Amino acid sequence: MQRTRTQVAIIGAGPAGLLLGAILADRGVGFVVIEHRSREHVLGRIRAGVLEQSSVDVLESLGLAAGLHAEGLVHGGIFLQHEGERFHVDFEALVGRTVTVYGQQRVQADLMAAHDALGSTVLYDAADVDPADPEGEPVVRFVHEGEPHEVRADFVVGTDGFHGVTKTRFPATLVRTAERAYDAAWLGILADVPPSTDELIYALHPDGFAMHSMRSPSVSRLYVQVDPDERIEDWSDDRIWEALDTRLATPGWTLQHGPITEKSITRMRSSVVSTLAHGRFLLAGDAGHIVPPTGAKGLNSAIADVAMLGAALAEQSAGDDAALRSYSDRALERQWKVQQFSEYMTDLLHVPGSAVPDDEREFRYRSRLGRLRYVGGSRYAQQSIAEQYTGLVIR
Ligand code: FAS
Ligand code: PHB
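In this text the structure is predicted, and so the values were computed from the model without any measurement.

A. Molecular detail of the pattern of salt bridges. Throughout the structure, instances matching the rule amount to 23 salt bridges. Between D154 and R5 there is a salt bridge, with its nearest N and O atoms 2.5 Å apart. Here D154 is found in strand β11 (residues 147-158), whereas its partner R5 is found in strand β1 (residues 2-11), with 149 residues between them in sequence. A salt bridge links E262 to R221, with the nearest nitrogen and oxygen atoms 3.5 Å apart. Pair noted here: E262 is in strand β16 (residues 260-273) and R221 is in strand β15 (residues 219-226), with a separation of 41 residues, a long-range link. Where salt bridges share partners, they join R3, R141, E150 and R152 into one cluster.

This is the structure in structure tokens:
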């Protein structure tokens, strides 16, 4: 048995865990990261694509923005579209802020490289990860390279995602979960073809939602709404391009096709726990909450959580635990503002599922159309979207 001790034991080496580690390193707080998958698996996950201005500012403050400044695509707005009518929401003109298209895989690679350079203790392929004693002296037990380990820590932080283990160590009587399941899913593709637009397009169409995003000047990222129980095998490349052509069509514009290199279906769900803290155990990122991807808030919420938590742990280490005691309330207050925005954008742009009766489907579609047309004609409505899409203040 290898017995070690640290100030903060971080469970999960996704973006939240590695960014928290980078913040703690910057503030001189000792930590170890324990990850149950391989480094290659963690790096290989294709997920988020857009960084809020608030997230860029966090990475910049830590000297971790060189990659995104070199390869990221700065966008001054997005396009919203309904039935072939496309309008621009100009973030820069409306709120003076931007977003940066920079895939989560790149963020993950940058964070991994930073920890390599720091010589951080990030243990991949850990098995049987078992955090215990949140109200006593926290300990994380696990097996690594065939050897049992026991890490004692001042605090354990679960950045272990929606299906993580840390949350399960909170008393069931303490933690409630608020949830909403959406009757839609996203079929996403990566295609080796230059984007047909210079900024993201979110489109509402009677057949369903579609979006045109990107990963680089030569790689497009696109999505179509499908029913939650759809199987990827039922969606040929031709069927996907046909749906995208139909739903994104607008006069005088053509969607360029190319080889599809990856396709997957992601269900849409909102879920938020009632507390991110129990004893000396804390949660951050997807471990505490998930959102539908329509508002591009999953990764950005994880960054906001650990920006708050990293600062609070550093202050606690220096003798002031006020920020740590208020972390859960502050992070959840911000997260519920993010949840309502993600719900608004999802309801705005998706048609009701096929199980909804025809007359109700028609009403709900027409109501969305009215809301989108209102947004298209209102600077005030667009300013609200711009303020939230580019990221609320993190404090
Ligand atoms: P993560 O889930 O990324 O990381 C958790 C880590 O903990 C993982 O590496 C996992 O292996 C590890 N772990 C889990 N259990 C463990 C245990 N018991 N012991 C040790 N380690 C453990 N967000 C967007 O903004 N836009 C998108 O388009 C988007 N698309 C997505 C598509 C999919 C398929 C999914 C699942 C999510 C998507 N998201 C998107 C959300 C996603 O980007 C998350 O918000 C982001 O990964 C959150 O980061 P973490 O909180 O670090 O959680
Ligand atoms: C992406 O590029 O993957 C992306 C962009 C914006 C979203 C969701 C996903 O809202």
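Additional details are given in the paragraphs that follow.
B. Summary view of the site of ligand 2. Lining the immediate surroundings of ligand 2 are 15 residues, of which Y202, S213, R215, Y223 and P293 lie closest. A distance of 2.7 Å separates an oxygen atom of ligand 2 from a polar atom in the side chain of Y202. Contact between ligand 2 and A296: an oxygen atom at 3.3 Å from a main-chain N or O atom of the residue. Against a free-state accessible area of 280 Å², the protein chains account for coverage of 97% of ligand 2. At the level of elements, β14 (210-216) and β15 are the ones that each hand at least two residues to the shell around ligand 2. At three residues, the largest contribution of residues to the shell around ligand 2 is made by β14. When we break the shell around ligand 2 down by domain, the ones giving at least three residues each are domain 1 (2-54 + 102-179 + 270-343) and domain 2 (180-268 + 346-389).

C. Main features of the nonpolar core. Counting 68 residues, the largest nonpolar core has L19, L51, L309 and L313 as its most contacted members. Among the elements that make up this core, the one with the highest residue count is helix α8 (residues 298-317) (10 residues). Beyond its immediate chain neighbours, meaning those up to four positions away, L19 contacts V58, L59, L62, L64, L111, I303 and V306. Judged by nonpolar contacts, the second largest core, of 34 residues, contains Y182, L204, F209 and L348.

D. Structural view of the packing of helix α1 (residues 15-26) against α8. Contact geometry for α1 and α8: axes closest at 9 Å, N-to-C directions at 30°. Compared by their axis directions, α1 and α8 come out roughly parallel. As for how α1 packs across α8, the hand of that crossing is right-handed. On the side of α1, the interface is formed by P15, A16, L19, L20, I23 and L24, while α8 contributes L299, A302, I303, V306, A307, L309, G310, A311 and L313. Taken together, the residues of the contact of α1 with α8 break down into 14 nonpolar, one polar and no charged.

Criteria and cut-off values
- Residues numbered from 1 in each chain as written.
- Chains lettered and ligands numbered in written order.
- Predicted model: local features only at pLDDT ≥ 70, side-chain atom pairs only at ≥ 80, totals over all residues.
- Heavy atoms only, no water.
- Salt bridge = Lys/Arg side-chain N within 4 Å of Asp/Glu carboxyl O.
- Helix = DSSP H or I, 4+ residues; strand = E, 2+ residues; numbered from the N terminus.
- Near = heavy atom within 4 Å.
- Polar contact = N/O pair within 3.5 Å; in protein donor to acceptor, adjacent residues only side chain to side chain.
- Areas by Shrake-Rupley, 256 points an atom, 1.4 Å probe, with all protein chains shown as cover.
- Domains from an automatic or database assignment.
- Core = buried A, V, L, I, M, F, W, Y, C linked by side-chain atoms within 4.5 Å.
- Buried < 20%, exposed > 50% of the residue type's maximum accessible area, 1.4 Å probe, protein only.
- Contact = heavy atoms within 4.5 Å.
- Axes fitted to C-alpha atoms, helices over the stretch in contact; angles between N-to-C directions.
- Parallel < 35°, antiparallel > 145°, perpendicular 65-115°, else oblique.
- Left-handed = near helix turned anticlockwise from the far one by under 90°.
- Nonpolar A, V, L, I, M, F, W, Y, C, P; charged D, E, K, R; others polar.

Shape is all these values report; function is a separate question.
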